[in-house]
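Here's the letter readout for the chains.
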Amino acid sequence: MSVQKKKRMLGLLGLFTLLVVFLSGCSTKPVTANSTGFWDHYIVWNFSRAIVWLSDLFNGSYGVGIIIFTIIIRVIILPLMQYQMNSSRKMMDIQPQMKALQTKYSSRDIDTQQKLQAEMSKLYKDAGVHPFASMLPLLVQMPVLIALYQAIQRTSVLRSGTFLWMELGHSDPYFILPILAALFTFATSKLTMMGQVQQSGFQSALMVWGMPIMILFMAISLPSALAVYWVVTNAFSVGQTLLLMNPFKLRAEREAKERKKRKLQRQLAKARRGKKRKRK
């Protein structure tokens, strides 16, 4: 696994750890229109009001309110997700060059690794790729998750609200939503990896299984309202990946390019053989 990918995975793990620690220490003081401070008054209180208002549109179903709220959030951050996916596609396109650089600078001494990092940075710049673009959606969604958690926990009607078999302020007793959230996360990761040009066994396993496992354990321990959010947002991600970065389409395009390249090489080889015969 490359240094940049290791850093991204460590960054994701760190962000999720930070999220768990932060949520475990969040205030439980009720949030109202009289709450003070930018975070409580303008963020958490407005999240609470928006979810309640959306729920009232659907006969007071707070679970449906959270689902609609989640879809709205996903639509708002869609341009950011599009940017992230475009960056990921560019990253896929330069994977052969990245592999060539890693082979060229395979020595582990400091000077060689510094040269590798310099060459990689130049490659990223020339291709218009930001190696940490994949973390931007997570960085944006973390405050949303924290605000949603606080809106649920600090609004009595939401905390005591029910949806299907669950109390939204408590974890899913049957683990159904955590499992669904993990499955949709797995599907998104798997579809993304399917579009990769080159895959190593350990790297693929880490990317495909790491995030779903983290989502599963977090959804099991946190309020089911967050599990509803994760199910909806990751189901949205599956559809978005199939629509914007369909791995089956990417593979077909890549195979077509390879066939064209091989055909051109055969034609060039045939032309060279023809020239040699003429010289004789």
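Residues take numbers from 1 onward in each chain, read along the sequence in its written order. Predicted model: local features are reported for residues with pLDDT of at least 70 only, side-chain atom pairs are reported and counted for 80 or more only, and whole-chain, interface and lining totals are derived from all residues. Calculation of side-chain values draws on the structure's entire complement of heavy atoms; hydrogens and water are dropped beforehand.

- By the naming in an unreviewed UniProt entry, the chain goes by Membrane protein insertase YidC and is assigned to Loigolactobacillus rennini DSM 20253.
- Database annotation for the chain, UniProt heading Subcellular location (unreviewed entry): "Cell membrane".
- The record in UniProt for the chain states the following under Function (unreviewed entry): "Required for the insertion and/or proper folding and/or complex formation of integral membrane proteins into the membrane. Involved in integration of membrane proteins that insert both dependently and independently of the Sec translocase complex, as well as at least some lipoproteins." UniProt positions are given in the numbering used here, feature names are shortened, and annotations may be inferred rather than shown by experiment.

### With respect to the packing of helix 3 (residues 62-76) against helix 11 (residues 224-244)
Okay, step 1: Angular values range over 0 to 180 degrees, each being the angle between N-to-C directions of two axes fitted as lines to C-alpha atoms, with helices fitted over their stretch in contact. Helix and strand labels come from DSSP, where a helix needs a run of H or I of at least four residues and a strand needs a run of E of at least two; each type is numbered from the N terminus. Running from amino to carboxyl end, helix 3 crosses helix 11 at an angle of 40°, the nearest separation of the two axes being 9 Å. In terms of their interaxial angle, helix 3 and helix 11 are classed as oblique. Between helix 3 and helix 11 lies a crossing whose hand is right-handed. Residues Gly-63, Ile-66, Ile-67, Thr-70, Ile-71 and Arg-74 of helix 3 pack against Ala-225, Val-228, Tyr-229, Val-232, Thr-233, Phe-236, Ser-237 and Gln-240 of helix 11.
Okay, step 2: Put simply, Ala, Val, Leu, Ile, Met, Phe, Trp, Tyr, Cys and Pro go in the nonpolar bin, Asp, Glu, Lys and Arg in the charged bin, and everything else, Gly too, in the polar bin. A class-by-class count of the residues in the contact of helix 3 with helix 11 yields eight nonpolar, five polar and one charged. Throughout, the term roughly parallel applies to angles under 35 degrees, roughly antiparallel to angles over 145, roughly perpendicular to angles from 65 to 115, and oblique to all others. Whether a crossing is left-handed or right-handed is set by the direction in which the near helix is turned from the far one by less than a right angle, anticlockwise for left-handed and clockwise for right-handed. Note on contacts: a residue pair qualifies if any of its non-hydrogen atoms lie within 4.5 Å across the two residues.

### What to know about the packing of aromatic side chains
Centre-to-centre distance and the angle between the planes together describe a pair of aromatic rings.
Okay, step 1: The aromatic pairing rule takes the rings of Phe, Tyr and Trp, using the six-membered ring of Trp, and pairs them if the centres are within 6.5 Å, calling planes under 30 degrees apart stacked, those over 60 edge-to-face and the rest tilted. Applying the stated criterion to the full structure yields two aromatic pairs.
Okay, step 2: Considering the side-chain rings of Phe-38 and Tyr-42, the 5.6 Å spacing of their centres and the 35° angle between planes classify their relative orientation as tilted. Placement of both Phe-38 and Tyr-42 in helix 2 (residues 38-57) is noted, with a separation of four residues, approximately one turn of the helix. Each member of the pair Phe-38 and Tyr-42 is classed as exposed.
Okay, step 3: Here Phe-47 and Phe-69 contribute two aromatic rings whose centre-to-centre distance is 4.9 Å and whose plane-to-plane angle is 70°, an arrangement assigned as edge-to-face. Of the two residues, Phe-47 is situated in helix 2 and Phe-69 in helix 3; the sequence distance between them amounts to 22 residues. In terms of burial, Phe-47 and Phe-69 fall into one category: buried. A simple rule labels every residue: compare its accessible area, found with a 1.4 Å probe on the protein chains alone, to the largest value its type can have, and call it buried under 20%, exposed over 50%, or partly exposed in between.

### Focus: unusual backbone geometry
Okay, step 1: Look at Leu-164: it is not a glycine, yet its phi comes out positive at around 55°.
Okay, step 2: Its location among the elements puts Leu-164 in the loop between strand 1 (162-163) and strand 2 (166-167).
Okay, step 3: Its identity is not glycine, yet Phe-175 carries a phi of approximately 60°, on the positive side.
Okay, step 4: Note on placement: Phe-175 falls in the loop between strand 2 and helix 9 (176-194).
Okay, step 5: Here Phe-175 falls in the partly exposed class, since its relative accessible area comes to 40%.

### Section: the nonpolar core
Okay, step 1: Among buried residues, the Ala, Val, Leu, Ile, Met, Phe, Trp, Tyr and Cys ones that are joined through side-chain atoms within 4.5 Å form a nonpolar core. If you look at the biggest cluster of nonpolar residues, it comprises 37 residues, and the most contacted ones within it are Ile-66, Leu-226, Val-228 and Trp-230.
Okay, step 2: Secondary structure elements with two or more residues in this core: helix 2, helix 3, helix 7 (136-153), helix 9, helix 10 (201-221) and helix 11.
Okay, step 3: In terms of residues, this core owes the most to one element, helix 11, which gives eight residues.
Okay, step 4: Look past the residues within four positions of Trp-230 in its chain and what remains in contact with it is Leu-145, Ala-181, Ile-215, Met-218, Ala-219 and Leu-222.
Okay, step 5: In terms of nonpolar packing, the next biggest core, distinct from the first, is built from 10 residues, Met-91, Ile-94, Tyr-105 and Leu-123 among them.

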